[in-house]
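Here is what each chain is made of, one letter per residue.
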Amino acid sequence: MKRNNGPLHICRRELLAGAAYLAVSTSSSRATVIFDHLPWTPNAGNPPSAAAPGPWLFFTGDEGRAVEALADRIIPPDRETPGGKDSGCAVFLDRQLAGPYGRQDGLYVRPPFMKGAKNQGHQSEKGPAQQYREWLAALDKACKAQLGGKAFHELSDADKDHVLEGLEGGAFKLDGVDGKTFVDQAIKDIQMGFFADPIYGGNRDMVAWKMIGYPGTRYNYLDWVSRHNEKFPLPPVSMTGRAEWTSRTQR
Amino acid sequence: MAKRLPKKDVVIIGLGWTGSIMANELTDEGLEVIALERGPWRDAPTNFPPTYVQDELRYRVRHELFLRPDQLTFTFRNKMDQTALPIRSWGAFMPPNGVGGGGVHWNAETWRFLPSDFVLKTHLTQRYGASFLPDDMTIQDWGITYDELEPYYDRFEYLCGTSGTAGNLRGQIMEGGNPFEGPRSRPYPTPAQAQPFSHTLFGKAARELGYKPFPQPSGNLSQAYTNPLGLKMGPCTYCGFCEWFGCANYSKASPQTTILPYLVRKPNFSARDNSEVIRINLDKSGKRATGVTFVDTDNQEWEQPADLVILSAYTMFNVHLLLHSKIGRPYDPVANTGTVGRNYTHQTTSTVNGFFDPKEYNFNPFIASGAIGMCIDEFNGDNFDHGPHGFVGGGYVGQVQTGGRPIESTLVPPGTPKWGAAWKKAAKENYLSTVKPGTGVHGSFYAYRDIYLDLDPTYKDRFGRPLMRITMDLKENEIKQNKFLTDKFAEIIKAMGAEKLAIQYRKGPYDITTYQTTHLNGGAVMGSDRSTSVLNRYLQSWDVPNLFVLGASAFPQNAGYNPTGTVGALAFWAADAIRSKYLKSPGRLVDA
Amino acid sequence: MRKRTRGSLAAAILPVFLLLATRPSVAGDTDPQAFAQIQRGRYLTVLSDCASCHTVPGSNHPFAGGRSIETPFGNIVAPNITPDAETGIGSWSDEQFDAAVRRGIARNGSRLYPAMPYNAYTKMSRDDVLAIRAYLNTLAPVRNAVKANTLPFPFNIRAAMRVWDALYFKQGEYQSNPHQSAEWNRGAFLVEGPGHCGACHTPKTFLGGDKTGQYLEGGHLQGWSSPDITNDTRLGLGAWSKDDLVTYLKSGHNRITAATGPMGEVVTLSTAFMTDSDLNAIATYLKSQPGKGGASPAVSANDPAMTAGSAIYRDQCSACHGLDGKGIAELFPSVADSSMVKSNDPTTSIRIVLRGARSVGTSTQPTASGMPSYGHQLDDDQVAAVLTYLRNTWGDTAAAVTPEQVSHVRRDTALRPD
């Protein structure tokens, strides 16, 4: 079927008998037909929702205290940069575990669940949410049993560090769960919350980015590519902006 | 009961790079073409805008643009005597999903393979003798030469606006380019990208060691460009959010920026998104495809009849669909019969991280593009004498650091604790002065008799079909190759001025949990010998002549380069064969 | 942006030749075999952009009416102008058709609302209108009964149009100006007549009539502001060459900007199909219209809105629009050179920032680049700040955009589908 080469295009919709022309939808999960022009709708897009401060969505009070304590040892506070707790890493992890990540949404969670080699990957039915419940319970239980009745968050900083080292090395055993897997994952998750965009609850006010000198969600460095070995001077910006975006002089 | 749609001339399975290229070519022939894409429509202003695309957690860590394993996954084992277990969460590779496919979130590293890569078996046998190759290595010639493919490499590069410096212009070796590359008929369409500090420093160190470094060919453009279809692209702004992410400002070559806006305007083209093809249908003879069956998001089955079927769904899904549609003979590694699933390969990668004096060096690692970097090719392919080394193959090495996104780029020198005050201090001090090349060593992965794809006996997908099973391991040859390359790479990083190195070799066994590029290849390879290939040299199925299978599934083995340049070139090559030969006389293009 | 029905006009071409052999003579006095007249009428229909109002976007039935058109007085629905005998204009006489198009009088003698731009179409000749009729007669008749008058009381009293006509309607064909070139006169005819550019681009009185003293200085309708298209340097087309304007009308893009929204539809249905000489004529005429511009208030670079706007611009806009504001030719508009950015009425700029936009794709410029939506990320203060910054940074100046203006557009456009 040859095209009409005149300046006006034949509207093929009439000629494509039977082809249903469905309206293009804003939802990205319904099947749509793309024909004749690129789809577009106003206000399109799917920005992330901000983690709002407040009560834990996933952790119990005890779990929250344990994770805050872990966060402050994994990333201790110092004079220049807050620690894991004050920068919101526990909030980050709480919101992540309460959401699709915690639930393993989208992962292949069908049986049978068989134990395999380490290089065959995670084979348990348990997702991160369930795992953390078990890990944190085991952590406090072990601390109370082995360290004078104290939960993890009640220990001195030095003792907390010993527990963490013990989990890494194997000296400090947890009941029913693998301490090394737990501590490795906790370190990874806390540090992830530290460096992720503040919209997710951690890295509050971009403290981690300021610490390392990362300028954040900038998209244009064209004027800096060829400036070698010079400090980039602009402050970091996140998905929700930065203080310099404020224009009001009075309210 | 499937609902039947009106017949089209062509049905295209998967609207990524190769599907888009083929759709554009065949609509120019006046054919009625429909493309079916399992995933959603994607587009920069609506899906990767600069208001929120710079989100490392969402797109890199949680892989939001990629296929959900629950929608389809594979099982994996190293050896044939092992039980394969499902890949419940991605690790070693990230299968694409959605319109644009991997073309949306690739790094845009746009390489050509070497001339010797296409005649690998012949070449290596001639040079080193057959006994130099491991007994279980099943490398093959492609059935096509570099010279035949060269005009199509050129077409793909000009479609993309690829930024680079020619190294071999019609036989003349050019200063500043890759002296080892095959001859190209004309320069790159745009000049190479400007290189940030650490990449420039690598080039300098490599040069001083006697190598010939050159800028990596990049589909993130160095300047504004209008491609042959009249589509416009802008210059890359070095945002550092390239691989895993869509490009927000029309500067990364993708089907969206180089083909789709032009294609969609054609009255003889339409596409359906969120429509998953579950089977290619054959007639009673089994030698002719009649169309496909696909499922929409309401789980309604539809039948799309067509005269010509193009399977362009990415390596893994191509092979998966061939197996489930019972096209061709599945490979049996024990009996050494069959071809579908045979010669499956990945990429052998590793890296060396360098820690420099923070008082002297500030690399601003966040200033980068996906295909930035200075590379050397002295150790790729058969560019050097392998005789003394006891392995074959090779790869490029380069400082190809593509960004400084902090979750994965805040490294600390070896020996630093992984947490605590010491960690925090080291993270703070080292971020700006660390060289983290990513896949700094990018080596070949040759084919072996017991590395293959077939159907799993136990695990099923959401339709109740068996998952595809991967049997893959790292062989001695690739491990040796990687050690050799990594050591060479480490020398250069050290020569740059690094105080401490963290050398990471690629070691066996093959690990499904650590990312090693998504350069999966083979399983439906092309060739001249029907007994060892699924497709002839035009990517036409030997078994079903009105079926063509595009993508890296056609590679008989992988070379030491990123595959997309070759994938694009082969798509143009196959399209040309269809237009100039097949349409005039449908049927076998090559006698079996 | 309204979805466009691209190229629906030519749908008639194929059926014409199929139908001619078998169809009985159509209503009206035109001869279906008068090929030249039909071709001329087809082109005049393109010039007059009838398809736009009389076709529901995305519909399979061009000219069949049913499209709701927003006016300041409520919505009115365009009628069916296919030759259907009962629901279209098939049984209208040529006189009746001419009276409607050039005098605003419907078949039953009642008055049409000037949403139908008869006050511009009056410039056409009777021959022009009969040619349009001849073309429309060749369309496939579509059965589609349209209730046109959906304006609320008291605007639904058509008799009131008598008063409006007395105030604002100057009946009469275009009269050539002997002091101007033939090209200028052609441009004047096209702009004042079938092109009816003033319908959108001339501001209106509260009764909806043209403010003739501000001819083509920009208007406000359907949630958009239409820019000044006089030759004013700051606010109009003064910085555009003739070629810039011709390229824009033909392809929807030029080195400075791109068409989107309602103007995008004008390009894809009308101006993209005009001849080069007609486009040059329009350019000649428009660039001869002196604007008034006026003194431009400036905003100091130290104003908090400017410093905030500068930060937002660097962080969120410069990756496409450039650190120098120049964008990329025919891909990302040059905000530095754009006169629309400096409009006295900033509605369109605000709307685009809040909701995003898709520029048109045409055969010469298929890219159809899109602007993302910033409404969820930037609040009213921030949108106002960045627009104020755009208006005052690269040479020219303009009054600040206020957060209240942004808030108004946000509310007004919230329920719009386009």
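Since we're looking at a predicted model, the values are computed, not measured.

Calculation criteria
Residues numbered from 1 in each chain as written. Chains lettered and ligands numbered in written order. Predicted model: local features only at pLDDT ≥ 70, side-chain atom pairs only at ≥ 80, totals over all residues. Helix = DSSP H or I, 4+ residues; strand = E, 2+ residues; numbered from the N terminus. Rg over C-alpha atoms; globule rule 2.2 N^0.38 Å. Buried ≥ 20, exposed ≤ 12 C-beta atoms within 10 Å, placed from the backbone. Contact = placed C-beta atoms within 7 Å. pLDDT = per-residue confidence, 0-100. Pairing = 2+ DSSP bridges. Axes fitted to C-alpha atoms, helices over the stretch in contact; angles between N-to-C directions. Parallel < 35°, antiparallel > 145°, perpendicular 65-115°, else oblique. Left-handed = near helix turned anticlockwise from the far one by under 90°. Nonpolar A, V, L, I, M, F, W, Y, C, P; charged D, E, K, R; others polar. Domains from an automatic or database assignment. Expected span 1.5 Å × (residues − 1). Arc of directions from axis to C-beta.

## Topic: the overall build of chain C
Phase 1: In terms of regular secondary structure, chain C is built from 16 helices and 6 strands.
Phase 2: Computed over the C-alpha atoms, the radius of gyration of chain C is 22 Å, within 12% of the 22 Å expected from 2.2 N^0.38 for a compact globule of 418 residues.
Phase 3: Seen along its three principal axes, the alpha-carbon backbone of chain C occupies a region of about 75 × 45 × 45 Å.
Phase 4: Considering chain C as a whole, with its 418 residues, one finds that 55% of them fall into the buried category.
Phase 5: Sequence-distant contacts in chain C: of pairs separated by 6 or more residues, those separated by 24 or more amount to 68%.

## Quick notes on the overall build of chain A
Phase 1: The secondary structure content of chain A amounts to 7 helices and 1 strand.
Phase 2: When the helices and strands of chain A are placed in sequence order, the string is β-α-α-α-α-α-α-α.
Phase 3: In chain A, the proportion of contacts linking residues at least 24 apart, taken out of those at least 6 apart, comes to 53%.

## Let's talk about helix H13 (residues 421–430) of chain B
Phase 1: The complete set of buried residues in H13(B) reads B:Lys424, B:Ala427, B:Lys428 and B:Asn430.
Phase 2: Looking at the buried residues of H13(B), the elements they touch are helix H7 (207–212) of chain A together with strand E15 (348–355) and strand E18 (434–435) of chain B.

## With respect to the confidence of the model for chain A
Phase 1: Per-residue confidence for chain A gives a mean pLDDT of 88; residues scoring 70 or more make up 87%.
Phase 2: Confidence drops under pLDDT 50 across residues 1–27 of chain A; counting only partners more than four residues distant or on other chains, this segment forms 46 contacts.

## Comments concerning the pairing of strand E4 (residues 74–77) of chain B
Residues and elements named next belong to chain B.
Phase 1: Alternating residues of E4 divide into Phe74 and Phe76 and Thr75 and Arg77, and every residue in both groups is buried.
Phase 2: Sheet topology note: the E4/strand E21 (residues 466–471) ladder contains 4 bridges and is parallel. Bridge assignment links Phe76 to a residue of E21, and that residue is Ile470.
Phase 3: Bridging between E4 and strand E5 (residues 85–86) involves 2 bridges; their strand directions are antiparallel. Pairing of Thr75 across the sheet is with Pro86, part of E5.

## Description of the packing of helix H1 (residues 61–74) of chain A against helix H2 (residues 89–98) of chain A
Residues and elements named next belong to chain A.
Phase 1: Axis separation between H1 and H2 bottoms out at 8 Å; the angle between their running directions is 130 degrees. In terms of orientation, H1 lies oblique with respect to H2. The handedness of the crossing between H1 and H2 is right-handed. When H1 is examined against H2, the residues Gly64, Val67, Glu68 and Ala71 are found in contact with a partner set consisting of Cys89, Ala90, Leu93 and Asp94.
Phase 2: Each residue belonging to the contact of H1 with H2 can be placed in one class, and the counts come to 5 nonpolar, 1 polar and 2 charged.

## Quick notes on the sheet that holds strand E20 (residues 452–460) of chain B
Residue and element names in this part refer to chain B.
Phase 1: Strand order across the open sheet formed by 4 strands is E5-E4-E21-E20, with mixed pairing between neighbours. At either margin of the open sheet sits one strand with a lone partner, and together these are E5 and E20.
Phase 2: Seen against the sheet, helix H11 (residues 315–324) touches E4, E20 and E21 and runs at an angle of roughly 125 degrees to E21.

## Some thoughts on the environment of B:Glu360
Residues and elements named next belong to chain B.
Phase 1: Mapped onto the elements, Glu360 comes out in the loop between E15 and strand E16 (374–376).
Phase 2: What makes Glu360 exposed here is the crowd of 10 C-beta atoms within 10 Å.
Phase 3: Note: C-alpha distance between Glu360 and Ser433 (73 residues apart in sequence) is 8.4 Å.

## With respect to the interface of chain B and chain A
Phase 1: Contact with chain B, which involves 75 residues of that partner, is made by 73 residues of chain A.
Phase 2: Counting only elements with at least two residues in the side of chain B that touches chain A, the list comes to helix H3 (56–61), E5, helix H8 (197–208), helix H10 (260–264), strand E11 (269–272), helix H12 (406–409), H13 and E20 of chain B.
Phase 3: Broken down by class, the residue content of the side of chain B that touches chain A amounts to 36 nonpolar, 22 polar and 17 charged.
Phase 4: With 2 bridges joining them, strand E1 (residues 33–34) of chain A and E11(B) adopt antiparallel strand pairing. Bridge pairing in E11(B) places A:Val33 opposite B:Arg272.

## Focus: the domain arrangement of chain C
All names here are of chain C.
Phase 1: Segmenting chain C into domains produces domain 1 (8–168), domain 2 (182–286) and domain 3 (304–413).
Phase 2: Look at where the C-alpha atoms of domain 2 and domain 3 centre, and you get two points 21 Å apart.
Phase 3: Taken together, the contact between domain 2 and domain 3 spans 27 residues of the former and 25 residues of the latter.
Phase 4: Secondary-structure elements contributing two or more residues to the side of domain 2 that touches domain 3 are strand E4 (224–226), helix H10 (242–251) and helix H11 (261–269).
Phase 5: In terms of residue count, the dominant contributor to the side of domain 2 that touches domain 3 is H11 (4 residues).
Phase 6: Per-class residue counts for the side of domain 2 that touches domain 3 are 9 nonpolar, 14 polar and 4 charged.

## Notes on helix H5 (residues 157–169) of chain A
Spacing of three or four residues puts side chains on the same side of an α-helix, whose turn is 3.6 residues.
Residues and elements named next belong to chain A.
Phase 1: With 13 residues, H5 ought to run about 18 Å at 1.5 Å a step, and its terminal C-alpha atoms sit 18 Å apart, in line with that.
Phase 2: The set of residues buried in H5 consists of Lys160, Val163, Leu164 and Leu167. Here the buried residues of H5 occupy an arc of 95 degrees about the axis, which is enough to place them on one side. Seen from the buried face of H5, the exposed residues on the opposite side, beyond 90 degrees, are Ala158 and Gly169.
Phase 3: Where H5 is buried, its residues touch H1, helix H4 (128–146) and helix H6 (179–195).
Phase 4: Backbone geometry just downstream of H5 places Gly170 in the positive-phi region, at approximately 105 degrees.

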